[in-house]
Amino acid sequence: MSNSFIKYLSVTLITAWILCLDQATKIFIHTQFPRQTSKAIIEGFFNISYVTNSGGAFGLFNDSPDWIRFILFLLFPLVCVYFIFKLLQETNSRFQILALSFILGGAFGNYLDRVRLGYVVDFIDWHIKGWHWPTFNIADSFIVMGVALLSALYFKDYQESKKSA
């Protein structure tokens, strides 16, 4: 088997695993919790809160006209997926492949919600002393982990290139 085949098989399997995990948790939340409710899991620290988000991260563009949300949340992600596949073509770094797979899996999870439901299901609610982090989901978590890993890799490469210059 070629390295290219193994790379794309890895991307497909990781992406599919994240997509399945994300959708399974969202289905569980949707079937077990009424919308707009919250249940304390760790009092004063962690809740499961079923909320919907028709906007972007942190509810950005929530009240925007439908045509703007269509462009931002249904067309723009397809452009991003194209660029992720371009990056995948150019790398054999296992960590870059993992990071890009995390981003793809998360992006597909939220994209599927938007296409199917018209909104994203969020439910992870961390808080402390009255301060709440915006509610998010498994897909969001993997997107953030992928971006953080990719950023760390690019920063490391940048630092190494500065040393050798």
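Data block above holds the structure.
Values in this document were obtained by computation on a predicted structure and should not be read as measured data. (Residues numbered from 1 in each chain as written. Predicted model: local features only at pLDDT ≥ 70, side-chain atom pairs only at ≥ 80, totals over all residues. Heavy atoms only, no water.)

Draft legend 1. Region of interest: the sheet that holds strand β3 (residues 120-128). A sheet is described by the order of its strands in space; here four strands give the open sequence β1-β2-β3-β4, paired in antiparallel fashion. Of all the strands in the sheet, just β1 (38-42) and β4 (131-132) have a single pairing partner and so form its edges. The pairing of β1 with strand β2 (residues 46-53) spans four bridges and is antiparallel. Directly across from Ser-38, in β2, lies its bridge partner Ser-49. Where helix α1 (residues 3-32) meets the sheet, its contacts fall on β2 and β3, and the angle it forms with β3 comes to roughly 85 degrees. On top of the sheet, helix α3 (residues 94-117) reaches β2 and β3; it is set at about 125 degrees to β3, its chief contact. (Pairing = 2+ DSSP bridges. Helix = DSSP H or I, 4+ residues; strand = E, 2+ residues; numbered from the N terminus. Contact = heavy atoms within 4.5 Å. Axes fitted to C-alpha atoms, helices over the stretch in contact; angles between N-to-C directions.)

Draft legend 2. Up close: the packing of aromatic side chains. Here the structure, examined in full by the defined rule, presents seven aromatic pairs. Residues Phe-102 and Phe-142 carry aromatic rings whose centres are separated by 5.0 Å and whose planes lie at 85 degrees to one another, so their mutual orientation is edge-to-face. Remark: Phe-142 occurs in helix α4 (residues 138-164) and Phe-102 occurs in helix α3; sequence separation between them is 40 residues. Like Phe-142, Phe-102 is buried. Relative to Trp-133, the ring of Trp-131 has its centre 5.9 Å away and its plane inclined at 55 degrees; by these criteria the two rings are tilted. Through successive ring pairs, a cluster of aromatic residues spans Trp-17, Phe-102 and Phe-142. (Phe/Tyr/Trp six-rings, centres within 6.5 Å; stacked < 30°, edge-to-face > 60°. Buried < 20%, exposed > 50% of the residue type's maximum accessible area, 1.4 Å probe, protein only.)

Draft legend 3. Spatial organisation of the environment of Arg-69. Within the secondary structure, Arg-69 is located in helix α2 (residues 66-90). Separated by 36 residues in the primary sequence, Arg-69 and Gly-105 have C-alpha atoms spaced 21 Å apart.

Draft legend 4. Spatial organisation of the pattern of salt bridges. Applying the stated rule across the entire model yields four salt bridges. A salt bridge links Asp-22 to Lys-26; the shortest N-O distance between them is 2.9 Å. Separated by four residues within a single helix, Asp-22 and Lys-26 lie in helix α1, roughly one turn from each other. Judged by its relative accessible area of 2%, Lys-26 is buried. We note a salt bridge from Lys-26 to Asp-113, for which the minimum N-O separation is 2.8 Å. Taken together, the residues span a long stretch of sequence, with Lys-26 in helix α1 and Asp-113 in helix α3 at a distance of 87 residues. With respect to burial, Lys-26 and Asp-113 carry one shared label: buried. (Salt bridge = Lys/Arg side-chain N within 4 Å of Asp/Glu carboxyl O.)

Draft legend 5. Region of the structure containing the packing of α1 against α4. Contact geometry for α1 and α4: axes closest at 8 Å, N-to-C directions at 145 degrees. Contacts between α1 and α4 involve Trp-17, Ile-18, Leu-21, Asp-22, Thr-25 and Lys-26 from the first element and Ile-138, Ala-139 and Phe-142 from the second. Across the contact of α1 with α4, the residue classes tally to six nonpolar, one polar and two charged. (Nonpolar A, V, L, I, M, F, W, Y, C, P; charged D, E, K, R; others polar.)

Draft legend 6. Quick look at the nonpolar core. Ranked by internal contacts, the top residues of the largest apolar core, which has 14 residues, are Ile-29, Ile-48, Tyr-50, Val-121, Phe-123 and Ile-124. Listing elements by their share of this core, those giving two or more residues are α1, β2, β3 and α4. (Core = buried A, V, L, I, M, F, W, Y, C linked by side-chain atoms within 4.5 Å.)

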